[in-house]
Amino acid sequence: MSVIWIHEDAITLDHPAVTMAGEGAEIIFIWDTERHDEKAYSLKRRVFIYECALDLGVKIMAGHPYNVLRELVGEQTIYTAWSPDPDYREIIADLRDTHEVKVIEAPGLVSVPDDVDTKRFFRFWNRAKKSAMTPSHQVLESETA
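Below or above, wherever it landed, is the structure these notes cover. (Residues numbered from 1 in each chain as written. Predicted model: local features only at pLDDT ≥ 70, side-chain atom pairs only at ≥ 80, totals over all residues. Heavy atoms only, no water.)

### Structural notes on the overall build of the protein
Operational definition: A run of DSSP states H or I qualifies as a helix once it reaches four residues; a run of E qualifies as a strand once it reaches two. Both are numbered from the N-terminal end. Buried means the residue's accessible area, taken with a 1.4 Å probe over protein chains only, is under 20% of the maximum for its type, while exposed means over 50%, and partly exposed covers the values in between. When checking whether two residues touch, look at their non-hydrogen atoms; a contact exists if any pair is within 4.5 Å. For the accessible areas, the method is Shrake-Rupley and the probe is 1.4 Å, while residue cover comes only from the protein chains on display.
Within the protein, the secondary structure is distributed over seven helices and five strands. Listing every helix and strand of the protein by position from the N terminus yields β-α-β-α-α-β-α-β-α-β-α-α. Every one of the 145 residues in the protein was classed for burial, and the buried ones make up 34%. For the protein, restricting intrachain contacts to residue pairs at least 6 apart in sequence, the fraction spanning at least 24 positions comes to 59%. Total accessible area computed for the protein in this model is approximately 9,500 Å², and 51% of it derives from carbon and sulfur atoms.

See below:
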């Protein structure tokens, strides 16, 4: 059995981490008020995150993710989405000291060459819009071809 940790950087059940964990995995979202306070999240942002998590129909627990997962998981494998957030990456690194943690990447929203000028949105968008409007399965097929 395994646990899937859904965090605010990937609030979806369509993420490959959910599929890779297999049927019967317990899916949880951890509400971390201290993090939200530290990051000065507005009430609107907090409500948005909560409503997104609530729409998933998964167990929502409160506390620091590291503490909640350590207490909940036992010997189970933890599956979670990759995150660019250094806080989440630190939590994942700390959990790996005592647990098997599988961090799964999802296909990006857009596929943009590394040499694109991102200082001006219009220049970025001209290069990104082709892949942004392409269905995900077609992007995945083109990346693996």
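Okay, back to it.
### Some remarks on the packing of helix 4 (residues 65–73) against helix 5 (residues 86–95)
Selection rule: Note on definitions: angles span 0 to 180 degrees between N-to-C directions of axes, and those axes are lines fitted to C-alpha atoms, for helices only across the stretch in contact. When an angle is under 35 degrees it counts as roughly parallel; over 145 it counts as roughly antiparallel; between 65 and 115 it counts as roughly perpendicular; any other value is oblique. Each crossing gets its hand from how the near helix is turned against the far one by less than a right angle, where anticlockwise is left-handed and clockwise is right-handed. Nonpolar residues are Ala, Val, Leu, Ile, Met, Phe, Trp, Tyr, Cys and Pro. Charged residues are Asp, Glu, Lys and Arg, and all others, Gly as well, are polar.
Taken N-terminus to C-terminus, the directions of helix 4 and helix 5 make an angle of 30°; their axes are 10 Å apart at the nearest point. When the axis of helix 4 is compared with that of helix 5, the two are roughly parallel. The two elements helix 4 and helix 5 cross, and the hand of that crossing is right-handed. Note on element contacts: helix 5 touches helix 4 through I91, D94 and L95, opposite P65, Y66, L69 and R70. Among the residues making up the contact of helix 4 with helix 5, the classes are represented as five nonpolar, no polar and two charged.

### Digging into the sheet that holds strand 3 (residues 59–62)
Spelled out, the test is: Should DSSP find at least two bridges between two strands, the strands are taken to pair.
As summarised here, the arrangement of the five strands in space is 3-2-1-4-5, forming an open sheet in which the pairing is parallel. This sheet does not close on itself; its edge strands, each paired only once, are strand 3 and strand 5 (101–104). Going from strand to strand, the sheet's axes swing by 30° on average, the running direction of each strand aside. Summarising the sheet, strand 1 (residues 2–6) and strand 2 (residues 26–31) pair through four bridges and their orientation is parallel. Bridge pairing in strand 2 places W5 opposite I28.

### Here we look at the environment of A21
Residue position: A21 is located in helix 1 (residues 16–21). Between the C-alpha atom of A21 and that of I78, which follows or precedes it by 57 residues, the distance is 8.3 Å. The contact partners of A21, leaving out residues within four places of it in the chain, are S2, I4 and Y79.

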